[in-house]
Amino acid sequence: QVQLVESGGGLVQAGDSLRLSCAASGLPFSRYSMGWFRQAPGKEREFVAGITWGAASTYYADSVKGRFTISRDNAKNTVYLQMNSLKPEDTAVYYCATAKAPYYTGSSPSNFGSWGQGTQVTVSS
């Protein structure tokens with residue numbers, strides 16, 4: 001079955017950077033768009049960034065545009081989220097997810113079929 005394992009979260013100060021990784025297994029990774037979402041306490045899960053299967057296109061939530069960069073290495077079955085200029089409002093559990101079908105893309109949680117367990121990112125002011 002599909003398995004996604006996130007890593008790289010932690011506690012940082014405002015203005016710092018973090019790089020999240022998500023290692024995927026159990027699927028033909030290079031055929032699937034990938035996404036990063038986050039969920040803060042008491043809030044709904046929200047889209048952060050997405051990347052199409054061949055990395056030809058990337059897309060971001062307005063709140064992270066210009067600060068976060070999503071990338072992927074299909075040889076390593078891994079997707080990354082580079083987060084710069086972190087703000088306290090970026091504090092959340094971050095999840096990676098696969099699109100629900102090959103060669104499919106979107107930014108709603110309903111467009112994604114498999115999810116990782118999440119990694120905590122905490123940004124102190």
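Residues numbered from 1 in each chain as written. Predicted model: local features only at pLDDT ≥ 70, side-chain atom pairs only at ≥ 80, totals over all residues. Heavy atoms only, no water.

Caption draft 1: The overall build of the chain, seen in detail. In terms of helices and strands, the chain carries zero helices and 11 strands. Mapped from its N terminus to its C terminus, the chain presents α and β elements in the order β-β-β-β-β-β-β-β-β-β-β. Here the chain has a C-alpha radius of gyration of 13 Å; the compact-globule value for 125 residues is 14 Å, and the two agree. The dimensions of the chain, computed from C-alpha atoms along their principal axes, are 40 × 25 × 25 Å. Here the chain holds 125 residues, and the buried ones make up 42% of them. Here the analysis covers contacts within the chain between residues at least 6 apart in sequence; of these, 58% occur between residues at least 24 apart. Carbon and sulfur atoms form 46% of the exposed surface of the chain, whose accessible area is close to 6100 Å². The chain carries 11 positive and 8 negative side-chain charges, and their two centres are separated by 7 Å. (Helix = DSSP H or I, 4+ residues; strand = E, 2+ residues; numbered from the N terminus. Rg over C-alpha atoms; globule rule 2.2 N^0.38 Å. Buried < 20%, exposed > 50% of the residue type's maximum accessible area, 1.4 Å probe, protein only. Contact = heavy atoms within 4.5 Å. Areas by Shrake-Rupley, 256 points an atom, 1.4 Å probe, with all protein chains shown as cover. Lys, Arg positive; Asp, Glu negative; His and termini not counted. Charge placed at Lys NZ, Arg CZ, Asp CG, Glu CD.)

Caption draft 2: Highlighting the nonpolar core. In terms of nonpolar packing, the biggest core is built from 32 residues, with Trp-36, Val-48, Phe-68, Val-79, Leu-81, Met-83 and Tyr-94 touching the most fellow members. At the level of elements, β3 (18–25), β4 (34–39), β5 (46–51), β7 (68–73), β8 (78–83), β9 (92–99) and β11 (119–124) are the ones that each hand at least two residues to this core. If we skip the residues at most four places from it in the chain, Leu-81 touches Leu-18, Arg-19, Leu-20, Trp-36, Val-48, Ala-49, Phe-68, Thr-69, Ile-70 and Tyr-94. (Core = buried A, V, L, I, M, F, W, Y, C linked by side-chain atoms within 4.5 Å.)

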